[in-house]
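# A look at the structure
The residues making up each chain are set out below.
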Amino acid sequence: MIPFSPPRIDQKIIDEVVQVLKSGWITTGPRTKMFEKKLAQYSGVSNVLCLNSATAGLEIILRWLGVGEGDEVILPAYTYSATANVVMHTGATPILVDVNDDDFCINLNRIRSAITERTKVIMPVDFAGWPCDYKALYALVNEKEVKLKFIPANDIQHKLNRIMILADAAHSLGAITDGVKSASIPDVAVYSFHAVKNLTTAEGGAVVLNLPAPFDNAAIYNFLCVYTLHGQNKDALAKMQKGNWRYDIVEAGYKCNMTDINAAMGLIELERYDDDTLVKRKHICNLYSQLLNDDNVFQLPVMKSDTRETSYHLYPLRVRNITEQQRDDIMKHIFDDDITVNVHFIPLPMLSYYRKKNYSISDYPVTYNNYSREISLPVFYDLTDEQIHQVVTSVKKAVKKVVEL
Ligand SMILES: *Cc1c(COP(=O)(O)O)cnc(C)c1O
């Protein structure tokens, strides 16, 4: 059986985790702080905050910005539910917009028509690891008419004085735009280290802070450390110092810190990420593209351009001119060959909860078209060339069977 994306748990990871367990310090501590530092260096920013998930990171930034009832947050209809759920948690309204046909990213023109006086944040999603066009997004939120529409409701929003760009970078650790890491471009980007992601800590996420002057990202980082740990002015490590037991609660904070066990996995993974993990993933995706290069049948994912390069998180293949039912049938045949494939994603308007909130997939034709023809192929570190050939043979056979029926 060929799995879809098992995590890479080798002896190095196991040894490091055992070391943490034996060290006497298992929650947020030196390894988490080191992982944050290394992630900041890697990303090309000064401050990164590690948390227990990307979901927590996205929500905490919305809350820090004071997003709530009456506000609107623009995001793609074609994403994982986390992106929209966090907006619901704050009481704000997710404004779903359609995506591009070529690269699955949120559509700029659709964003422009969706912006109102209530818009506080745009949450683009780097789908499959392909970074959105942040330059164009900045140009959009800085347009005179768009800025005039922005109505700041608190000091932080006054300081920013425009719509915030909060990137869902759950897929895109290591993606490149104009020679730099893409996550260093938006105001804030949030990585995920969930078990299926490129770099995993079992569960985990990180908030990449890159707010423009006059924001003090180091001060924001310090505040968020407290805000994500009960609002307590001393963390567990500081309280451990001899006699340093007294603490205060300065906010009704949240509880979503990363543990040192998770960070230990992340440190090992990050060390070998660019030179090993990404090299392997790129090879896998390029080989798929080489073997499936038949434009009449397949629409291959965009992975590289003059200015951008994906993090090779997913290989979202699309089959041309098929229906959703045919896609499902093709997948069934592939599963019969003991190969695990997937669909990214079921669009938000097709999920019960969002349907009940009156979102309708008929308003998102490109999203539906992408979804109905999409099959994500296995991509993981230990996938061999032989297995890749097996997958491709199975896919071609399945398509032939279904389309010629
Ligand atoms: C995985 C994922 C998330 C959530 O990440 P967690 O770390 O599990 O919270 C958010 N958005 C997208 C697009 C994802 O794929």
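Our structure is the block above this text.
Not measured: the values here are computed from a predicted model.

## Observations concerning the overall build of the protein
- On a plain count of helices and strands, the protein comes out with 16 helices and 13 strands.
- In terms of overall dimensions, the protein is globule-like: its C-alpha atoms have a radius of gyration of 22 Å, near the 22 Å expected for 405 residues.
- Projected onto the principal axes, the alpha-carbon positions of the protein cover approximately 75 × 55 × 40 Å.
- The long-range share in the protein, meaning contacts at least 24 apart out of those at least 6 apart in sequence, stands at 72%.

## Side note on the packing of helix α3 (residues 54–64) against helix α9 (residues 217–227)
- At a closest axis distance of 12 Å, the pairing of α3 and α9 adopts a crossing angle of 110°. When the axes of α3 and α9 are compared, the pair comes out roughly perpendicular. The way α3 lies across α9 gives a crossing that is right-handed. For the pair α3 and α9, the contacting residues are Ile60, Ile61, Arg63 and Trp64 in the first and Ile220, Phe223, Leu224 and Tyr227 in the second.
- Taken together, the residues of the contact of α3 with α9 break down into seven nonpolar, no polar and one charged.

## Concerning a nonpolar patch on the surface
- Together, Ile9, Ile14 and Val18 make up an exposed nonpolar region whose accessible area comes to about 220 Å².
- With respect to the helices and strands, Ile14 occurs in helix α1 (residues 11–23).

## Topic: the environment of Asp101
- With respect to the helices and strands, the residue Asp101 is situated in the loop between β3 (93–97) and α5 (108–114).
- Taking the C-alpha atoms as reference points, Asp101 and Gln19, 82 residues apart in sequence, are found 47 Å from one another.
- Leave out the neighbours within four places in its chain, and Asp101 touches Gln299, Arg318, Val366, Asn369, Asn370 and Arg373.

## Here we look at the pairing of strand β5 (residues 164–168)
- Counting buried residues along β5, five of its five residues qualify, which places the element largely inside the surrounding structure.
- As defined by bridge partners, strand β4 (residues 119–122) adjoins β5 across two bridges and the pair is classed as parallel. In the sheet register, Val121 faces β5, and the bridge partner there is Met164.
- Bridging between β5 and strand β8 (residues 188–192) involves three bridges; their strand directions are parallel. Each bridged residue has a counterpart across the sheet, and for Ala167 the counterpart in β8 is Ala189.

## Some words on the sheet that holds strand β1 (residues 47–51)
- On the basis of which strands lie adjacent, the open sheet formed by seven strands has the order β1-β9-β8-β5-β4-β2-β3 and mixed pairing. Looking at strand neighbours, the two that pair on one side only are β1 and β3, the edges of this open sheet. Along the sheet, successive strands turn relative to each other by an average axial angle of 25°, direction set aside.
- Where strand β2 (residues 72–76) and β4 come together, three bridges link them in parallel fashion. Bridged to Glu72 within β4 is Thr119.
- Its contacts with the sheet place helix α2 (residues 30–43) against β1, β8 and β9 (205–209), and it is angled at close to 135° to β1.
- Against the sheet, α9 contacts β1 and β9, and its axis sits at roughly 15° relative to β1.

## Some thoughts on the nonpolar core
- Ranked by size, the top nonpolar core spans 42 residues in total, and within it Phe35, Leu39, Ile74, Ile111, Leu173, Tyr191 and Phe193 carry the most contacts.
- Among the elements that take part in this core, helix α6 (residues 134–141) stands out by supplying five residues, more than any other.
- Discounting residues that sit within four places of it in the chain, Ile74 has contacts with Ile95, Val97, Ile106, Ile111, Ala114, Ile115, Thr119, Val121, Ile122 and Met123.
- Grouped together as the second largest cluster of nonpolar side chains are 40 residues, Phe104, Ile334, Ile375 and Val379 included.

## Thoughts on the site of the ligand
- Among the 16 residues in the neighbourhood of the ligand, the closest are listed as Thr55, Asp168, His171, Ser192 and Lys197.
- One nitrogen or oxygen atom from the main chain of Ala54 is found 2.9 Å from an oxygen atom belonging to the ligand.
- Between the ligand and Thr55, the relevant distance is 2.4 Å, taken from an oxygen atom to a side-chain nitrogen or oxygen of the residue.
- Out of a free accessible area of 380 Å², the ligand has 92% covered by protein chains.
- Taken together, the elements giving at least two residues each to the shell around the ligand come down to α3 and α4 (81–90).

## Quick look at the sheet that holds strand β7 (residues 180–181)
- With antiparallel pairing, three strands are arranged side by side in an open sheet as β7-β6-β11. Looking at strand neighbours, the two that pair on one side only are β7 and β11 (308–309), the edges of this open sheet.
- Two strands pair when backbone bridges link them, and strand β6 (residues 176–177) and β11 are joined in this way by two bridges, in the antiparallel orientation. In the sheet register, Thr177 faces β11, and the bridge partner there is Arg308.

Rules used throughout
- Residues numbered from 1 in each chain as written.
- Predicted model: local features only at pLDDT ≥ 70, side-chain atom pairs only at ≥ 80, totals over all residues.
- Heavy atoms only, no water.
- Helix = DSSP H or I, 4+ residues; strand = E, 2+ residues; numbered from the N terminus.
- Rg over C-alpha atoms; globule rule 2.2 N^0.38 Å.
- Contact = heavy atoms within 4.5 Å.
- Axes fitted to C-alpha atoms, helices over the stretch in contact; angles between N-to-C directions.
- Parallel < 35°, antiparallel > 145°, perpendicular 65-115°, else oblique.
- Left-handed = near helix turned anticlockwise from the far one by under 90°.
- Nonpolar A, V, L, I, M, F, W, Y, C, P; charged D, E, K, R; others polar.
- Patch = residues over 30% accessible without salt bridge, like charges linked within 9 Å, V, L, I, M, F, W, Y side chains within 5 Å.
- Areas by Shrake-Rupley, 256 points an atom, 1.4 Å probe, with all protein chains shown as cover.
- Salt bridge = Lys/Arg side-chain N within 4 Å of Asp/Glu carboxyl O.
- Buried < 20%, exposed > 50% of the residue type's maximum accessible area, 1.4 Å probe, protein only.
- Pairing = 2+ DSSP bridges.
- Core = buried A, V, L, I, M, F, W, Y, C linked by side-chain atoms within 4.5 Å.
- Near = heavy atom within 4 Å.
- Polar contact = N/O pair within 3.5 Å; in protein donor to acceptor, adjacent residues only side chain to side chain.

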